[in-house]
Every structure is written in structure tokens, then in C-alpha cells.
Amino acid sequence: MDRRQFVGICAASAAALSTHSWHALAAGVQEFPAVKLVDAQGVPLKAATLATHQAYLFNYPFRAVPCFLINLGKPSAKAQLLSGESGSYEWPGGAGAQHNLVSYIAICTHQMSYPNKATSVIRYAGDGSELAEKPGMIVCCAHGSVFDPAAGAVKVSGPAEQPLIPVRLEVDPLDDSISATGVAANELIERFFQAYKVDFIAEYGPGGYRQPVEASARTVLLDQFSKTVTNC
Amino acid sequence: MSNEQSRRDFLKLGGTALAMGASGLAAAATTAPGAAKNQAAAVSTAIKADLPKAKGPRLVVVGAGTSGLTIAKYAKRYYPTFDVVLVEKRDMYASCFSSNLWYAGLVDLEFLADHSFLDAAVNNKYIYFNATVTGLDRTSRKLVTNKGEIDYDYLVLAPGIDYDYGKIGVTDAAAVAALHQTYPGGFTQSTEHVTIRRKVREFEGGVFLQSVPSGNYRCLPAPYERACMIASVIKKNKLKGKVLILDANPEITIKAQGFHAAFDELYKGIIEWRASSPIIGVDVEKKQVSTDVETISFDDAAIYPNVRGAILIEQLGLMAPSSHSNQKEAHIDTRFNNFIGDERVYVTGDSRNQPYSKSANTSNTEGHTIARVLAARAQGKEPEWVAPQTICYSMVNADPMEAISVDAGYDYDAKTDLITGFSKTTKVFNDRSTARAQATLEWARGIYRDIFNA
């Protein structure tokens, strides 16, 4: 029942917005309130001015959940049906006029490494990396998983069994601002909260990590988000 | 020559033990006349383990190290109908992997040990059964423990390694006990790590001996990494002392370039590495080891003897003939790890006889594959094989933390049915870096999450 409602809402909102983003038949999408991506000063990011060499980081849909925002610098692959831990879902392809913007939850689906303030072992290597041997891949140095963000972040190599989980983006054609509006349905977030609960209670207070991000999300380059970013 | 001699003795010993193992098995199965009295008595007093009735095919996993914990979790995930029981003799977990970092104070004991068997079982829907395995009857599919018998449909044994002191010329039981207690290798029991940690903290100078055995020992880079960690403490405390690495091998066995660079650039005069120097005898009282060419005195030591498949594998009659393992490992299928001729019994982790690196990441990735094999076979499907992976970091500097790493795969030759070695895609990252040090910690945390969390 919930699922049908989600898809219904999703179809309605996508039709209403008619942006270059998530397609109307987005199966397996979990709706969350739209959040505008803003810079450290609170100014909305513009899709046309995003760097391409590394990912930006923002938290969505909950305070402790990190997401990559990536400017591929080229159109992504076309929308496709992908299979994840919680069933199949449609990855919509890149958002924006050039279909070059993608977003994924920045938690490695292998063993849940994620960027925190001290360090990140997972990153987007726009210019290439030793591990991926080609540019434009998301690499997780903890155990060597490589994902292709231009194709739904499916695994390219390494031990991960599932793609990274996509976040739906919408780019407003009027002011070029970017919003996150939903994520592919997943069980990862709950396991993530369980695995890091002690850390998260210390950082966000009891339950704080589960609070939804509202209205806007501070979005900064990964190397400004994490003090050390592992290079592999 | 003495090595050859002892090798031959071992083979003989192995043969005898194997024969005993077989008769033990027969005794447990049938209480046949002529079987040893002790073994027959064990059957006559048998009780059932106090476990809930199985709700599906019962998968019993023995050993809650990286391999067993991975398989217990993922077999249940891949085939939820399995009723999984994890049998473990310890009541407290502490990882062998990452223990070197503790010696230099880079992680605390909680990093290694703050992981609960109970939580792992609850999170992943299986039963943790705190017991020690004492016997196996494959005919009637019964596992015998000190807390009663368990009927199984599928059995996975992941008991790890035991030491083989004979291969470093220490054969007398009293000498072995003294050596193990006084200068432990630090690659089996957690209590060894505690002792080595104390040694490092109490070291006031002189020679700290770290040996490297021959053969496929557990965690190839670990003795070199440990030397770096101890040397970093010597450096920090400005001691007049050094770590002497007595290496049975002609070259550093893995990440050689990265370790040589660390020895030369970070620990000049503090680490001395001596190649092709297998230990052939140890005098615990005199604090001396012998090689073919010299006798060396030390002030303190961690003496890492050769390793072998866990003695349990031999006791249960699952040991490979010497043609298939020169380290008394299990006699199992090259890809699917079932005991030859029995698709209900598997041996995984460091008791396996494939030439994989005996490391946590190998056991973790192998565990995922074998969990899939079990799930497939329990449903009457053909299993698929994926080679394990060995990603392994070594901390070479403590201040600042810097690490090197290797990412290895393995090739399988269907014609000979053998693992032929590291795959061509294997990458070695010999340039030490602080970022890799962060990955070193995250590598371990990831494995803890994978085996203890949901």
C-alpha cells in the first residue's frame, strides 16, 4: 500500500516539475521532502558551476547519512532498471540539462565505510586512481570496491555486491539550483544507523542522527568535509 | 639435513595420527569392538546439546573467527531457511588481525575486542553455542562437543591454525610449552597478544627477536609489520636496542619494496633483517636461537614457529595427505571447500589447504563464497565459485601513521584443479602514506562490521 502511494506521489511530482531528472516511472523510490543543496554560506549551488574532479558531500535524507553529489562533466548513461539489496529500482540517469549530475548515498554497500569528519576512505576519483585505473570512478579503499557513477554506481570491481544507492536530484531550470528529493528504497540506512549508533549518539545526541534534513543541506567538497581523504 | 629428517618424522607422525583419527571416527560412529575404550565411553555417555529444535536444515559452523562468523551470517542471509548454530570455544572475542597496531598504541584493546558473539548472533539470526568440539561422526552427521552432541545437515569447520614447533627444531613437549609461554608467536591465542604487548612496553634495550617462519604462515606481512611497530616504540623511547628479524625466507615474503624502504628510511640501525635464516633450535633458558650458521642471543622475543592446519582437523580425520598439504591442512575441494567425498562437511579459513594467504580478508571473502555454496547446495542448485581476495594493509610507521598495502586475487586452473597463485590483477601499493594508514584502520572496522553487525 505504502509502495503504491510512493510511486503515485513520485509520478505526480515528477510530472508536475517536468525537470530533466527522475523519470515518471521510478520504481522503488522512497520519497523524502525536497532539500535544496547550498554552499557553506547557505547560498544555493548552481549546477553549471560544480567542480568535476571530486565529489561534493551533503547529508540527506537524515542528518547522519552522507551523500555524494557528482558532476560527471559529461552525460551519464541512460536511465535503467537496477537490482539492489531491497529489490529492483529505476536509476534515472543524470539530472540537469546535460544529464551530468548524479548523487548516491556515500556509504559503501560492502562494509559500510563512509566519509566522516576525520576521514574518508571512499571518494569519487574524477581524475583517476591507482585502484580504478581509469578516471571517473567511485573507489572505496577499505577493501577495494570500485563503482561507476555514470552508470548507476554499479560495481565495476572489488568485493561489493550491490550498487551504491542513488539519490534523486532535481535541477530547477529557472535558477539552476539543485534539490535532493528522494532515495532508492533500501535497508542499508537502518543497518548503517545500527552499526554506528554509539558514534552517532555521541555526535548528534540520542535520536539526532535519524532526524530528517529539512529545507537545505550544506554541500561542500569531500576534502573540506573530511580531514583526511584516502588516496588509492 | 636436520630439516629433512624432521620432515620425514613428521610425515610418519602424520600418517600414524591419521590412522588413529580414522579409527577414532569408527569408534564414535559404531562403538565397534576393538575400538579404544575411551572413545567408546564417550559415546555411551552421549547427551544432546541443549539447543532448540532445528526449524530448517541445520548448518553448524565451528569457530567464530573471521571465517566462521562470516559464514554463519551470510549462509543465513543467502538462504534464510537455514537454522544456523555457531559453535565457539571462546566466550570473549579478540581479533588476531590488527593486533600489531596495539603494540605501538595505535589502537586500544577495545578496537580488537569490543565485539560480542551474542550481538553477532542476534543481529544475524543464528545461535551462538559456547562449546568445544571433541568429535565428529560423518555417517550419522553428529558433531560431538563438551556440551553434548549436535545433529547437523551441513557442517563448516573453521578452526584456524595451530603452531608447528617441530619445524623450528623444538620437539620436546616441555620445551615447546616453555617456548610458547615465554616467547609466544602472537598468531593464535589472544593471551599471546597480551604478553607481547607487555614485552614491548617493558623493553629497555638490547635485541628484540622477531622470527619469520617458512611455509604458508598466517598473515605474510605481519612479522615485518610487527617489527616496524616494535621499532617505532624503540625509536620513541630512544632506547639502545633493535629488532632483529630472523627470516627463514630469502626475501621479505610480501610488499618487500615497501618494507625495505621502511626499514632503511625509518628504522636504520633499529631494524636488522637477516634473510635465509631459519631457526633450527631455541634455548629458552639461555635466550638463544640457533640457525644453520650461528647461535644468536636475544633479550626478548616473539618467536613465530611454522603453522599447520588446526589439530582439530587432524583429530576429526579431515587432514589432507602430505601430497596435498605439507602443513597438515584439510583435505577439501579446491573451489567449494567440502571435504573430499562429503558435500555436507566443509573446512574454511586458515585450516584450508589452498595456497591462499592466511589473512582475515581472505577468510572474509572466502566466507561469502562458501555461504553461497551452502545456500545453493541446500536448495539442490549448482554452486558458483568466486576467488577470494586478499586486501591487506601493513602499518609501517607509527608517528605519523603510514601504511602500505596489497590487493591480491587468485587464479584457478581447471585442468589441474589447482590454485596457481596470485592473479595478474594483483596490485601492491609500496609507497607508504598517511591516507593508507586511515584505510588500514577502516579495513579492520569494516570486517568487524561485516561479521558482528547486521
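Just so we're clear, the structure is a prediction, and the values are computed from it rather than from any experiment. In every chain, residue numbers begin from 1 and rise along the written sequence. Here every chain gets a letter starting at A, and every ligand a number starting at 1, in the order they are written. Confidence filtering applies because this is a predicted model: local features only for residues at pLDDT of at least 70, side-chain atom pairs given and counted only at 80 or more, and all residues used for totals across whole chains, interfaces and linings. The side-chain values count all of the structure's non-hydrogen atoms but skip hydrogen atoms and water molecules.

Colleague: Explain the overall build of chain B here, please?
Modeller: Strands here mean DSSP runs of E at least two residues long; helices mean DSSP runs of H or I at least four residues long; both are numbered from the N terminus. On a plain count of helices and strands, chain B comes out with 13 helices and 23 strands. Throughout, a residue-residue contact means that at least one pair of heavy atoms, one from each residue, lies within 4.5 Å. A separation of at least 24 residues holds for 68% of the contacts in chain B among residues at least 6 apart in sequence. Surface accessibility follows the Shrake-Rupley procedure with a 1.4 Å probe radius. Residue values consider only the protein chains on display as shielding. As presented, chain B carries roughly 18,700 Å² of accessible surface, and 52% of it is formed by carbon and sulfur atoms.

Colleague: Please clarify how the side chain of H110(A) should be interpreted in this entry.
Modeller: In this structure, H110(A) sits in the loop between β6 (101–105) and β7 (119–120). Throughout, exposure labels follow a simple rule: accessible area from a 1.4 Å probe, protein chains only, divided by the maximum for the residue type, with under 20% read as buried, over 50% as exposed, and the rest as partly exposed. Given a relative accessible area of 12%, H110(A) falls into the buried group. Two N or O atoms count as a polar contact when they lie within 3.5 Å, although within protein this holds only if one can serve as hydrogen donor and the other as acceptor, and sequence-adjacent residues are included solely when both atoms are side-chain atoms. At 3.4 Å, the side chain of H110(A) and the side chain of Q111(A) are in polar contact. Excluding residues within four positions of it along the chain, H110(A) makes contact with H143(A), S145(A), P159(A), A160(A), N364(B) and D450(B).

Colleague: Help me understand the pattern of salt bridges in this model?
Modeller: Where charged atoms from two side chains of opposite charge approach closely, those side chains can pair. Residue and element names in this part refer to chain B. By definition here, a salt bridge exists when the distance from a side-chain nitrogen of Lys or Arg to a carboxyl oxygen of Asp or Glu is within 4 Å. Inspection of the entire model under this criterion finds 29 salt bridges over all chains. Across the pair D151 and K142 runs a salt bridge, and its minimum N-O distance is 3.1 Å. The class for K142 is partly exposed, based on a relative accessible area of 21%. Among the salt bridges present, the one from E402 reaches R432, with a minimum N-O distance of 3.2 Å. Separated by 30 residues along the polypeptide, E402 in strand β20 (residues 401–408) and R432 in strand β23 (residues 427–433) bring together distant segments of the chain. Linked through salt bridges whose partners overlap, the residues forming this network are R218, D350, R352 and E366.

Colleague: For this particular structure, what's the right way to read the pairing of strand β22 (residues 418–422) of chain B?
Modeller: Here is the key point about a regular strand: its side chains alternate between the two faces of the sheet. As paired strands, strand β21 (residues 410–413) of chain B and β22(B) are joined by four bridges and run antiparallel to one another. Within β22(B), the residue paired with Y410(B) across the bridge is F422(B). Two strands make a pair as long as DSSP finds a minimum of two bridges between them.

Colleague: Would you mind going over the environment of T434(B) with me for this structure?
Modeller: All names here are of chain B. With respect to the helices and strands, T434 occurs in helix α13 (residues 434–452). By relative accessible area, T434 is classed as partly exposed at 39%. Between the alpha carbons of T434 and M395 there is a distance of 9.5 Å; along the sequence they are 39 residues apart.

Colleague: Would you take a moment to explain the sheet that holds strand β9 (residues 206–212) of chain B for this structure?
Modeller: Strand-to-strand pairing in sheets goes through backbone hydrogen bonds, with the strands running parallel or antiparallel. All names here are of chain B. Spatially, the four strands line up as an open sheet ordered β11-β10-β9-β15, and their pairing is parallel. What marks the edges here is a single partner per strand, and that holds for β11 (271–274) and β15 (300–302). Neighbour-to-neighbour, the strand axes of the sheet open up by a mean angle of 20°, direction not taken into account. Bridge count between strand β10 (residues 241–247) and β11: four bridges; the pairing is parallel. What sits directly across from L244, in β11, is E272. What counts as an axis is a line fitted to C-alpha atoms, over the stretch in contact for a helix, and the angles between N-to-C directions run from 0 to 180 degrees. Relative to β10, helix α9 (residues 222–236) is tilted by about 170°, and along the sheet it contacts β9, β10, β11 and β15.

Colleague: Teacher, can you tell me more about the packing of helix α3 (residues 66–78) of chain B against α13(B) here?
Modeller: Packed helix pairs are specified by the crossing angle of their axes together with the interaxial distance, meaning the distance between the axes. All names here are of chain B. One way to put it is that α3 packs onto α13 with a least axis distance of 8 Å and a crossing angle of 45°. Regarding the angle of α3 to α13, the classification is oblique. From α3, T66, L69, T70, K73 and Y74 reach across to α13, where they touch I447, R449, D450, I451 and F452. Three categories are distinguished: nonpolar for Ala, Val, Leu, Ile, Met, Phe, Trp, Tyr, Cys and Pro, charged for Asp, Glu, Lys and Arg, and polar for the others, with Gly belonging to the last. When the residues that make up the contact of α3 with α13 are grouped by side-chain class, the tally is five nonpolar, two polar and three charged. Angle categories are assigned with fixed cut-offs, so that under 35 degrees is roughly parallel, over 145 is roughly antiparallel, 65 to 115 is roughly perpendicular, and the rest are oblique.

Colleague: Where do I start with the environment of T139(B) in this structure?
Modeller: Residue placement: T139(B) occurs in the loop between β4 (133–137) and β5 (142–145). Sequence separation between T139(B) and D342(B) is 203 residues, and the spatial gap between their C-alpha atoms is 10.0 Å.

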